[in-house]
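Understanding the architecture of this molecule
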Amino acid sequence: METLLMKGRPVADAYRESITAKIATAKAHGNMPTLVIVLVGDDPASCVYTDRLAKLTESLGAAAKIVRLPEETTEEEVINLIRKMNRNRYITGILPMMPMPKHINSDAVGAAVTKHKDVDCLNPTNAGEFYLGRRSWAPCTARACMAALEYYKIDLQGKHAVVIGRSNVIGKPVALLLLQKHATVTVCHSKTKDLADIVKQADVIIAAVGKAGFVTADMVKEGAVIIDVGINEVDGMLVGDVAPEAAAKASAFTPVPGGIGVISNMMVMECLAAYAK
């Protein structure tokens, strides 16, 4: 069986031209699209993602600013900073980098971002409109998963998709997006019994658990499609949630790095460009 490597770069490049044009139009009207990324602490994967997103933003003609805050920054301080940025008319989009340190309530931070500058569907109003089908801007990583599946022509109708992870930014929204494409969806999490047996039934696996090599070969049936959302640092290298021997059993899979993360960054830019009118 020949395995399809679902690289993120071609998918991202398919969006590049239209996003660049929208940014250029906004600038021509005197509006410089500006993204502010708020990074609390020094989580290695978040630092890598932040730096890459900033470079992409600038390469498309927009402006990027990274606000780096120490690990001990309080929740109140982060929220006050975001509220201040909400009022700054020169800031187009605000992205608090998740996960936040454990002493900070990520939901509270996300809720602080005004819905008009929320590029990752963190604001409760935006999230509610998405879940009701009134808003197309789902969280960026969930949209990236769907963009990869669409670009590589993976048929989802009637397929059994298993999502591993139930976070508000990936697991839950991607499950809804899969349902919209007429897949039958099972969501697994830390309390799921017989998880390996359930995952092995999947035609499509979305691994978003945040544990290196969590999905092993015995959990994957031959020919499954695997979307690996995980970004984990192991011995100075970035690896996914799917073990290499598990990916080898797939008919198609996304690499880490070079897969969903690349597309997710472009999804942020698509939303930023839409806000920059």
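Refer to the structure above for everything that follows.
This section reports on the structure supplied with the text. (Residues numbered from 1 in each chain as written. Predicted model: local features only at pLDDT ≥ 70, side-chain atom pairs only at ≥ 80, totals over all residues. Heavy atoms only, no water.)

**Describing the overall build of the protein chain**
Helix and strand content of the protein chain: 10 helices and 11 strands. For 277 residues, the compact-globule estimate of 2.2 N^0.38 gives 19 Å, and the C-alpha radius of gyration of the protein chain, at 18 Å, lies within 12% of that figure. Dimensions of the protein chain, computed from the C-alpha atoms along their principal axes, are close to 55 × 40 × 40 Å. The burial tally for the protein chain puts 51% of its 277 residues in the buried class. Looking at the protein chain alone, contacts between residues at least 24 apart form 71% of all its contacts between residues at least 6 apart. For the protein chain, the accessible area works out to roughly 13,100 Å², and carbon and sulfur atoms hold 52% of it. Each charge sign in the protein chain was given a centre, from 31 positive and 29 negative side chains, and these centres are 7 Å apart. (Helix = DSSP H or I, 4+ residues; strand = E, 2+ residues; numbered from the N terminus. Rg over C-alpha atoms; globule rule 2.2 N^0.38 Å. Buried < 20%, exposed > 50% of the residue type's maximum accessible area, 1.4 Å probe, protein only. Contact = heavy atoms within 4.5 Å. Areas by Shrake-Rupley, 256 points an atom, 1.4 Å probe, with all protein chains shown as cover. Lys, Arg positive; Asp, Glu negative; His and termini not counted. Charge placed at Lys NZ, Arg CZ, Asp CG, Glu CD.)

**Examining the pattern of salt bridges**
Enumeration according to the criterion identifies 4 salt bridges in this entry. Between K221 and D203 there is a salt bridge; the shortest N-O distance is 2.8 Å. One end of the pair, K221, is in the loop between β7 (204-207) and β8 (225-228); the other, D203, is in the loop between α8 (195-199) and β7, and 18 residues separate them in sequence. (Salt bridge = Lys/Arg side-chain N within 4 Å of Asp/Glu carboxyl O.)

**Examining empty space enclosed by the protein**
Within this structure, the stated rule accounts for 1 cavity of 30 Å³ or more. Of the voids in this model, the largest cavity is the one considered here, and its volume is about 30 Å³. Lining the largest cavity are L39, V40, D43, S46, M97, P99 and M100. Classifying every residue of the lining of the largest cavity gives 5 nonpolar, 1 polar and 1 charged. (1 Å grid on protein atoms, 1.4 Å probe; cavity = no way out; pocket = protein on both sides within 12 Å on 5 of 7 lines; lining within 4 Å. Points joined across faces, edges and corners; volume = space filled by probe spheres on them. Nonpolar A, V, L, I, M, F, W, Y, C, P; charged D, E, K, R; others polar.)

**Digging into the sheet that holds strand β6 (residues 184-188)**
Strand order in the open sheet formed by 6 strands is β1-β11-β8-β7-β5-β6, and the pairing between neighbours is parallel. At either end of the open sheet lies a strand with only one pairing partner, and these are β1 (4-5) and β6. Sheet analysis places β7 next to β8, joined by 4 bridges and oriented parallel. When the sheet's bridge partners are listed, I206 is paired in β8 with I227. (Pairing = 2+ DSSP bridges.)

**So, the nonpolar core**
One recurring pattern in soluble globular proteins: nonpolar side chains tend to sit buried together. Residues M6, L149, L178, I206 and M269 are the most contacted members of the largest nonpolar core, which totals 60 residues. With 11 residues, the top contributor of residues to this core is helix α10 (residues 260-275). A202, V242, A246 and A250 belong to the second-largest nonpolar core, a separate cluster that totals 17 residues. (Core = buried A, V, L, I, M, F, W, Y, C linked by side-chain atoms within 4.5 Å.)

**Observations regarding the packing of aromatic side chains**
Applying the stated criterion to the full structure yields 2 aromatic pairs. Ring centres 5.0 Å apart and planes at 55° place the aromatic pair F130 and Y131 in the tilted group. The class for F130 is buried, based on a relative accessible area of 2%. (Phe/Tyr/Trp six-rings, centres within 6.5 Å; stacked < 30°, edge-to-face > 60°.)

**Considerations on the layout of surface pockets**
For the largest pocket, the calculated volume is near 1,400 Å³. Residue lining of the largest pocket: 49 residues in total, with M98, P99, S167, V169 and I170 positioned closest to the centre. If you list the elements that add at least two residues to the lining of the largest pocket, you get α2 (44-59), β4 (93-96), α4 (106-112), α5 (124-131), β9 (232-234) and α10.

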